[in-house]
Amino acid sequence: MFYYLLKYVLLGPLLRLVFRPRIEGLEHVPSSGAAIVAGNHLSFSDHFLMPAVLKRRITFLAKAEYFTGPGIKGRLTAFFFHSAGQIPVDRSGKEAGQAAIREGLGVLSKGELLGIYPEGTRSHDGRLYKGKVGVAVMALKAGVPVIPCAMIGTFEAQPPGKVVPRIHPVRIRFGEPLDFSRYAGMENEKAVLRAVTDEIMYAILALSGQEYVDKYAAVAKAEETGRKGTAEEKRRFRRAPQG
């Protein structure tokens, strides 16, 4: 109930008024039946803008940190995500990944739309990163199509670290459904999972026009943080009294 209150009364109209998102390819999202919508992830705003423009309800696998934050802000965020029917996902290890897949398959088994960001985390620099194979596992096990989706402009509207979005043109593109029925029964084949995931990421790339990086986003972010830390340490060393 709260999901539809947000979508049609509280949040959806406001998002449409402020961002006036331009929607392309909405006809590619099936009007009924289970399907996965796989998109790039550029901004916290993505969680709200995509559901706001879809005619059907969509359930996202959201990182568990959104449900466990401290203080008033954390409680409000957790309340919002719980009320909107989003599913917390622990991203701390292999077993956590298996739990996320089970949750996603549960959504699909009910004939619903499942939203997922194959990159696993938000892009820290606006580029598109290598996809994780969980999306392929779910697509093959459930035997459902995957609709690629590209969010364009949300990084500029709300880059990492910016709490209040700025007004910026946003475009949301949905591509033609990807059918992986030719791989039925092969969800345990690593090469197949990688091939399916790469095909999904290529479809997202074609829609978004982003620069692609053949590296996991979390790894790239950690490397960049390490480089910045090292550079700062060097600057501090140069400024420190010597001798």
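See the structure printed just above.
Counting restarts for each chain: residues are numbered from 1 in the order of the written sequence. Side-chain atom pairs in this predicted model are given and counted only at pLDDT of 80 or more, local residue features only at pLDDT of at least 70, and totals for whole chains, interfaces and linings cover all residues. Calculation of side-chain values draws on the structure's entire complement of heavy atoms; hydrogens and water are dropped beforehand.

**Student:** Teacher, can you tell me more about a nonpolar patch on the surface here?
**Tutor:** A surface patch of nonpolar side chains, about 290 Å² in accessible area, is lined by Leu-14, Val-18 and Ile-167. On the secondary structure map, Ile-167 appears in the loop between helix 8 (154-157) and strand 8 (171-174). A patch is a set of surface residues, each over 30% in relative accessible area and not in a salt bridge, joined within 9 Å for like charges and within 5 Å for the nonpolar side chains Val, Leu, Ile, Met, Phe, Trp and Tyr. Using a 1.4 Å probe, accessible areas were evaluated by the Shrake-Rupley method; residue-level cover was limited to the displayed protein chains. Criterion for a salt bridge: a side-chain nitrogen of Lys or Arg within 4 Å of a carboxyl oxygen of Asp or Glu. Under the scheme used here, helices are H or I runs from DSSP no shorter than 4 residues and strands are E runs no shorter than 2 residues, and both carry numbers assigned from the N terminus.

**Student:** Even after reading the chapter, I still don't get helix 3 (residues 46-53), so can you show me in this structure?
**Tutor:** Note on helix geometry: an α-helix contains 3.6 residues per turn, so any two residues three or four positions apart are oriented the same way. Counted residue by residue, helix 3 has 8 buried out of 8 residues, so it is predominantly covered. Working definition: with a 1.4 Å probe on protein chains only, accessible area under 20% of the residue-type maximum means buried, over 50% means exposed, and in between means partly exposed. All of the buried residues along helix 3 are Asp-46, His-47, Phe-48, Leu-49, Met-50, Pro-51, Ala-52 and Val-53.

**Student:** Explanation requested: the nonpolar core in the structure shown.
**Tutor:** If you look at soluble globular proteins, the nonpolar side chains tend to sit buried side by side. Counting 30 residues, the largest nonpolar core has Ile-36, Met-138, Val-146, Phe-180 and Ile-200 as the members making the most contacts within it. Broken down by secondary-structure element, the contributors of at least two residues to this core are strand 2 (35-39), strand 4 (87-89), helix 6 (94-109), strand 5 (113-116), helix 7 (134-142) and helix 9 (190-208). With 7 residues, the single largest contributor to this core is helix 9. Here, two residues are considered to be in contact whenever any of their heavy atoms come within 4.5 Å of each other. Those residues in contact with Met-138 that sit more than four places away from it in its chain are Ile-36, Leu-61, Ala-100, Ile-101, Gly-104, Leu-105, Leu-108, Leu-114, Ile-116 and Gly-143. Residues enter a nonpolar core if they are buried and are Ala, Val, Leu, Ile, Met, Phe, Trp, Tyr or Cys, with the set joined through side-chain atoms within 4.5 Å. Counting 22 residues, the second largest nonpolar core, distinct from the first, contains Met-50, Val-53, Tyr-117 and Ile-172.

**Student:** Looking at this structure, I do not really get helix 9. What am I missing?
**Tutor:** Given the number of residues in a helix, its expected span is that number minus one, multiplied by 1.5 Å. With 19 residues, helix 9 extends 27 Å from end C-alpha to end C-alpha; this agrees with the ideal 27 Å at 1.5 Å per step. All buried positions along helix 9 are accounted for by Val-192, Leu-193, Arg-194, Val-196, Thr-197, Ile-200, Met-201, Ala-203, Ile-204, Leu-207 and Ser-208. The secondary structure elements touched by the buried residues of helix 9 are strand 2, strand 6 (128-129), helix 7, strand 7 (146-152) and strand 8. Gly-209 lies just past helix 9 and shows a positive phi near 70°.

**Student:** Sorry if this is basic, but what is going on with the pattern of salt bridges here?
**Tutor:** Pairing is possible between side chains that carry opposite charge, provided their charged atoms lie close to one another. Applying the stated criterion to the full structure yields 8 salt bridges. The salt bridge involving Arg-127 is made with Asp-125; its shortest N-O contact spans 2.9 Å. Of the residues examined, Arg-127 reaches a relative accessible area of 28% and is grouped as partly exposed. One salt bridge connects Glu-199 with Arg-182, and the closest N-O pair in it is separated by 2.9 Å. With Glu-199 in helix 9 and Arg-182 in the loop between strand 8 and helix 9, the pair connects residues that are 17 residues apart, well separated along the chain. Taking the relative accessible area as the measure of exposure, Arg-182 reaches 48% and is therefore partly exposed. Because the salt bridges share partners, they merge into one network encompassing Arg-22, Glu-24, Arg-171 and Arg-173.

**Student:** What am I meant to see in the packing of helix 7 against helix 9 here?
**Tutor:** Relative placement of two packed helices is described by the angle separating their axes and the distance separating the axes. Contact pair helix 7 / helix 9: the axes reach a minimum separation of 8 Å and the direction vectors enclose 105°. Taken together, the axes of helix 7 and helix 9 are roughly perpendicular relative to one another. Across the interface between the two elements, Val-135, Ala-136, Val-137 and Leu-140 from helix 7 touch Val-192, Leu-193, Val-196, Thr-197 and Ile-200 from helix 9. Taken together, the residues of the contact of helix 7 with helix 9 sort by class into 8 nonpolar, 1 polar and no charged. An axis is simply a line fitted to the C-alpha atoms; with a helix, the fit covers only the stretch in contact. Between two such axes, the angle follows the N-to-C directions and lies from 0 to 180 degrees. Should an angle fall under 35 degrees it is taken as roughly parallel, and over 145 as roughly antiparallel, whereas 65 to 115 is taken as roughly perpendicular and any remaining angle as oblique. All amino acids are sorted into three groups, where Ala, Val, Leu, Ile, Met, Phe, Trp, Tyr, Cys and Pro are nonpolar, Asp, Glu, Lys and Arg are charged, and the leftover types, Gly among them, are polar.

**Student:** How should I be thinking about the sheet that holds strand 1 (residues 22-24) in this particular structure?
**Tutor:** The strands that make up a sheet are held in pairs by hydrogen bonds between backbone atoms, and each pair lies either parallel or antiparallel. At least two DSSP bridges between two strands are required for those strands to pair. Spatial ordering of the open sheet is given by 1-8-7-2-5-3-4, a layout of 7 strands whose pairing is mixed. What marks the edges here is a single partner per strand, and that holds for strand 1 and strand 4. This sheet shows a mean twist of 25° between the axes of neighbouring strands, independent of strand direction. Contacts between helix 7 and the sheet are confined to strand 2, strand 3 (58-63), strand 5 and strand 7, with strand 2 contributing the most and set at about 165° to the helix. The strands touched by helix 9 are strand 2, strand 7 and strand 8; relative to strand 7, the strand with the most contacts, the crossing angle is about 35°.

**Student:** How do you make sense of the side chain of Ser-123 when you look at a structure like this?
**Tutor:** Looking at where Ser-123 falls in the secondary structure, it is placed in the loop between strand 5 and strand 6. Given the relative accessible area of 1%, Ser-123 is considered buried. The definition of a polar contact used here is a pair of N or O atoms within 3.5 Å, where within protein one atom must be able to donate a hydrogen and the other to accept one, and adjacent residues in sequence count solely through side-chain atom pairs. A distance of 2.7 Å separates the side chain of Ser-123 from the backbone oxygen of Arg-127, its partner in a polar contact. Residues contacting Ser-123, with those up to four places away along its chain left out, are His-41, Leu-42, Tyr-129, Phe-155 and Pro-160.

**Student:** Just checking my understanding: could you explain the environment of Ala-100 for this structure?
**Tutor:** In this structure, Ala-100 sits in helix 6. Residues Ala-100 and Leu-61, spaced 39 residues apart in sequence, show a C-alpha to C-alpha distance of 7.4 Å. Once residues within four sequence positions are removed from consideration, Ala-100 is found in contact with Leu-61, Val-89 and Met-138.

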